[in-house]
2 protein chains.
Amino acid sequence: MTYCVGLYLNRGLVFMSDTRTNAGVDNFSTTKKMFSWDVPGDRAITIMTAGNLATTQALISILEERSKIPTERKPTILELPTMFEVARFVGATLKQVIQGGGEDGQSATSAFKASVIVGGQIKGGMPTLFLVYPEGNFIEVTEDAPFFQIGETKYGKPILVRAYDPDMSFEDAIKLLMVSFDSTIKANLSVGLPLDMQFYGKDSFALDTQPRVTIDDPYYQSISTNWGDALRNALMHLPSYQRK
Amino acid sequence: MTYCVGLYLNRGLVFMSDTRTNAGVDNFSTTKKMFSWDVPGDRAITIMTAGNLATTQALISILEERSKIPTERKPTILELPTMFEVARFVGATLKQVIQGGGEDGQSATSAFKASVIVGGQIKGGMPTLFLVYPEGNFIEVTEDAPFFQIGETKYGKPILVRAYDPDMSFEDAIKLLMVSFDSTIKANLSVGLPLDMQFYGKDSFALDTQPRVTIDDPYYQSISTNWGDALRNALMHLPSYQRK
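Basis of the calculations
- Residues numbered from 1 in each chain as written.
- Chains lettered and ligands numbered in written order.
- Predicted model: local features only at pLDDT ≥ 70, side-chain atom pairs only at ≥ 80, totals over all residues.
- Heavy atoms only, no water.
- Buried < 20%, exposed > 50% of the residue type's maximum accessible area, 1.4 Å probe, protein only.
- Helix = DSSP H or I, 4+ residues; strand = E, 2+ residues; numbered from the N terminus.
- Arc of directions from axis to C-beta.
- Polar contact = N/O pair within 3.5 Å; in protein donor to acceptor, adjacent residues only side chain to side chain.
- Contact = heavy atoms within 4.5 Å.
- Phe/Tyr/Trp six-rings, centres within 6.5 Å; stacked < 30°, edge-to-face > 60°.
- Lys NZ or Arg CZ within 6 Å of the ring centre and 35° of its normal.
- Pairing = 2+ DSSP bridges.
- Buried area = accessible area lost by both parts, 1.4 Å probe.
- Salt bridge = Lys/Arg side-chain N within 4 Å of Asp/Glu carboxyl O.
- Least-squares fit on C-alpha atoms with pLDDT ≥ 70 in both.
- Axes fitted to C-alpha atoms, helices over the stretch in contact; angles between N-to-C directions.
- Parallel < 35°, antiparallel > 145°, perpendicular 65-115°, else oblique.
- Left-handed = near helix turned anticlockwise from the far one by under 90°.
- Nonpolar A, V, L, I, M, F, W, Y, C, P; charged D, E, K, R; others polar.
- Expected span 1.5 Å × (residues − 1).

- By the naming in an unreviewed UniProt entry, chain A goes by Peptidase and is assigned to Marivita cryptomonadis.

Re helix α1 (residues 53–63) of chain B
Residues and elements named next belong to chain B.
- For α1, the set of buried residues is T55, T56, L59, I60 and L63. All buried residues of α1 fall inside an arc of 130° around its axis, so they share one side.
- The N-cap residue of α1 is N52: its side-chain oxygen and the backbone nitrogen of A54 are 2.9 Å apart.

Regarding the side chain of S17 of chain B
Residues and elements named next belong to chain B.
- Structurally, S17 can be placed in strand β2 (residues 12–17).
- A residue is classified by how much of its surface remains accessible, and S17, at 0% relative accessible area, is buried.
- In this structure, S17 is in contact with Y3, C4, K33, M34, M48, F181, P194, L195 and D196, ignoring residues within four places of it in sequence.

Quick look at the packing of aromatic side chains
- Within the structure shown, the criterion is met by 12 aromatic pairs over all chains.
- When the ring centre of F199 of chain B is taken as reference, the NZ or CZ atom of R243 of chain A above it lies at 4.2 Å.

Some remarks on the sheet that holds strand β1 (residues 3–9) of chain A
Residues and elements named next belong to chain A.
- Pairing within the open sheet is antiparallel, and its 5 strands lie in the order β10-β1-β2-β11-β12. Strands at the two margins of the open sheet, each flanked by one partner only, are β10 (147–151) and β12 (212–213).
- One ladder, built from 6 bridges, connects β1 with strand β2 (residues 12–17); its direction is antiparallel. Directly across from Y8, in β2, lies its bridge partner L13.

Some thoughts on the interface of chain B and chain A
- On the chain A side, the residues contacting the 41 residues of chain B number 43 residues.
- Taking both sides of the interface into account, the surface hidden between chain B and chain A amounts to around 4,100 Å²; carbon and sulfur atoms contribute 63%.
- The tally of links from chain B across to chain A stands at 6 salt bridges.
- Here R162 of chain A and D182 of chain B are joined by a salt bridge, their closest N and O atoms 2.3 Å apart.

Section: the pairing of strand β8 (residues 128–132) of chain B
All names here are of chain B.
- Most of β8 is tucked away, with 5 of its 5 residues classed as buried.
- Residues T128, F130 and V132 point to one face of β8 and L129 and L131 to the other, with burial holding for every one of them.
- The pairing of strand β7 (residues 114–122) with β8 spans 5 bridges and is classified as antiparallel. Counted as the bridge partner of G119 is L129 from β8.
- In sequence, β7 turns back onto β8 through a hairpin of 5 residues, with G124 there showing a positive phi of about 100°.
- The pairing of β8 with strand β9 (residues 138–140) spans 3 bridges and is antiparallel. When the sheet's bridge partners are listed, L131 is paired in β9 with I139.
- Between β8 and β9, which pair antiparallel one after the other, the connecting turn spans 5 residues, and G136 there sits at a positive phi close to 95°.

Some points on the relation of the copies chain B and chain A
- Placing chain B over chain A gives an RMSD of 0.0 Å and needs a rotation angle of 180°, together with 0.0 Å of translation along the axis. What the rotation and shift describe, once combined, is the action of a two-fold rotation axis. Of the C-alpha atoms belonging to chain B, the one lying closest to the rotation axis is found on Y155 of chain B, 2.4 Å away.
- Of all interface residues in chain B, 100% are interface residues in chain A too; the two copies therefore contact each other through one and the same surface.

A closer look at the side chain of K33 of chain B
All names here are of chain B.
- For K33, the position within the fold is in the loop between β4 (28–30) and β5 (34–39).
- Within the structure, K33 has its side chain in polar contact with the side chain of T2 (distance 2.9 Å).
- Discounting residues that sit within four places of it in the chain, K33 has contacts with M1, T2, S17, D18, T19, R20, T21, I47, M48 and T49.

Overview of the pattern of salt bridges
- Evaluated as defined, the whole model comprises 26 salt bridges over all chains.
- In this structure, R232 of chain A and D229 of chain A form a salt bridge, with 2.8 Å as the shortest nitrogen-oxygen distance. Highlighted residues: R232 of chain A and D229 of chain A, both in helix α5 (residues 218–236), separated by 3 residues, approximately one helical turn.
- Look at R232 of chain A and you get partly exposed, because its relative accessible area is 37%.
- With a shortest N-O distance of 3.9 Å, E79 of chain B and K74 of chain B are connected by a salt bridge.

Quick look at the pairing of β10 of chain A
Residues and elements named next belong to chain A.
- Judged by how many residues are buried, β10 sits mostly within the fold: 4 of 5 residues are covered.
- In this sheet, β10 lies alongside β1 in antiparallel orientation, the contact comprising 5 bridges. Within β10, the position partnered with Y3 by the bridge is G151.

Quick word on the packing of helix α4 (residues 170–187) of chain A against α5 of chain A
Residue and element names in this part refer to chain A.
- Contact pair α4 / α5: the axes reach a minimum separation of 10 Å and the direction vectors enclose 70°. Here α4 is positioned roughly perpendicular relative to α5, judged by the angle of their axes. Crossing angle aside, the handedness with which α4 passes α5 is right-handed. Contacts between α4 and α5 involve K175, M178, V179, D182, S183, I185 and K186 from the former and Y219, Y220, I223, S224 and W227 from the latter.
- For the contact of α4 with α5, the residue count by class is 7 nonpolar, 2 polar and 3 charged.

Some details on helix α4 (residues 170–187) of chain B
- Between its terminal C-alpha atoms α4 of chain B stretches 26 Å, which fits the 26 Å expected from 18 residues at 1.5 Å a residue.
- Counting buried positions along α4 of chain B yields 14 of 18 residues, so the element is predominantly enclosed.

Regarding the sheet that holds strand β8 (residues 128–132) of chain A
All names here are of chain A.
- Taken in spatial order, the 5 strands of this open sheet run β5-β6-β7-β8-β9, and their pairing is antiparallel. Each of the sheet's edge strands pairs with one partner strand only, and the pair in question is β5 (34–39) and β9 (138–140). Geometrically, the sheet is characterised by an average inter-axis angle of 15° between neighbouring strands, direction not taken into account.
- In the sheet, strand β6 (residues 43–51) pairs with strand β7 (residues 114–122) via 9 bridges, with the strands oriented antiparallel. When the bridges of β7 are listed, M48 appears paired with I117.
- Taken strand by strand, helix α1 (residues 53–63) contacts β5, β6 and β7, and its axis lies near 160° from that of β6.

Structure, rendered in structure tokens:
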């Protein structure tokens, strides 16, 4: 499994992904699920992937044109005019990879599936996020649904629904996401640290830092430890139930 | 879907279940999923069900011996000597019902599945809870895993993991469960009010009240409304993230 979240904020975009990959509980490893590209002054694009690792790695390799020698690569996503076109291209490529895995009598098509969050901004357009399905179609973020999750989405959703605010700072967004990830990591062994983060400031047209949070990160530790107390405390201050 | 939780506390047992049943989003209804029996002074037993409604209704009907006329019924679960035997009997009956549904060329066996939480106390034993699987086998509650959930378990689990305390009062347990149910109801349309509750006080060998919480219940409303504020407040008091 996997857990990735993309948040749309008024000041830009925030991405967070875990890095655990596994085939059964006795075969797990760390792999990056967040990939970013930029052409400073023109565009910045981030993709996060969930699902079959062979599919998602193939997708990223094709997007990066790794079938060509490095000097001849001109990735299409760095040339398309709009984020909508980028989402279409990512969706078409993803669909192709999944269908390719299912050809030649291989029947495990569903096992080749993957989902993708793609977000960013291209000069002339607004920052935006898309959730791309294994079928290649996609939905775009809206004010009513201002974030996307892929992978193990359930444990970490209630806090996002309750505490998301489009005006929040990047720092508060990271705090919120860490709580959401911590709830998920505590409940599902197939989601694990380290976590990758990416900030994109609106109209910056350049990638910000992409920090990685490891298991011994003091900030993550403090969130993980203090959130339990904070929750118990919050519960204590709710009105008490009176038995009739 | 469904959501039911059984909590093991030092002072007894608490059960909560939702009442929504559905076959697709365009066909939903209210149905009771909590059933209790007692022989005052000797035993009190509560069962909660999740899964195929025909299966769970058949299970309860068989347990109540509804194939006999009312005066001739002597339900086995009211005569078995221990809760372990009750769990075995419920498991065997459940397995039989599910297998019966799959006979005669019907191939939708998985669709007939159901899971059950059974808990209570019989004179001479301690209060306990069992989680019975569709295969008829079961696990018992322990200090390390002091509650069981069935149905849509994910959204409401993080708060249970964080805030459960074996010494908590029935009133605090209801508050905790209401938050867990509210998180689930907000996220999954197939879980819905009213909620049924059952308390069992250790060594009481009799059923306590079984209140029903409807959508206009002022306590539920206040929990649902205030929990969002409480969460945001709790998050605000966590240390802030510092970008490097």
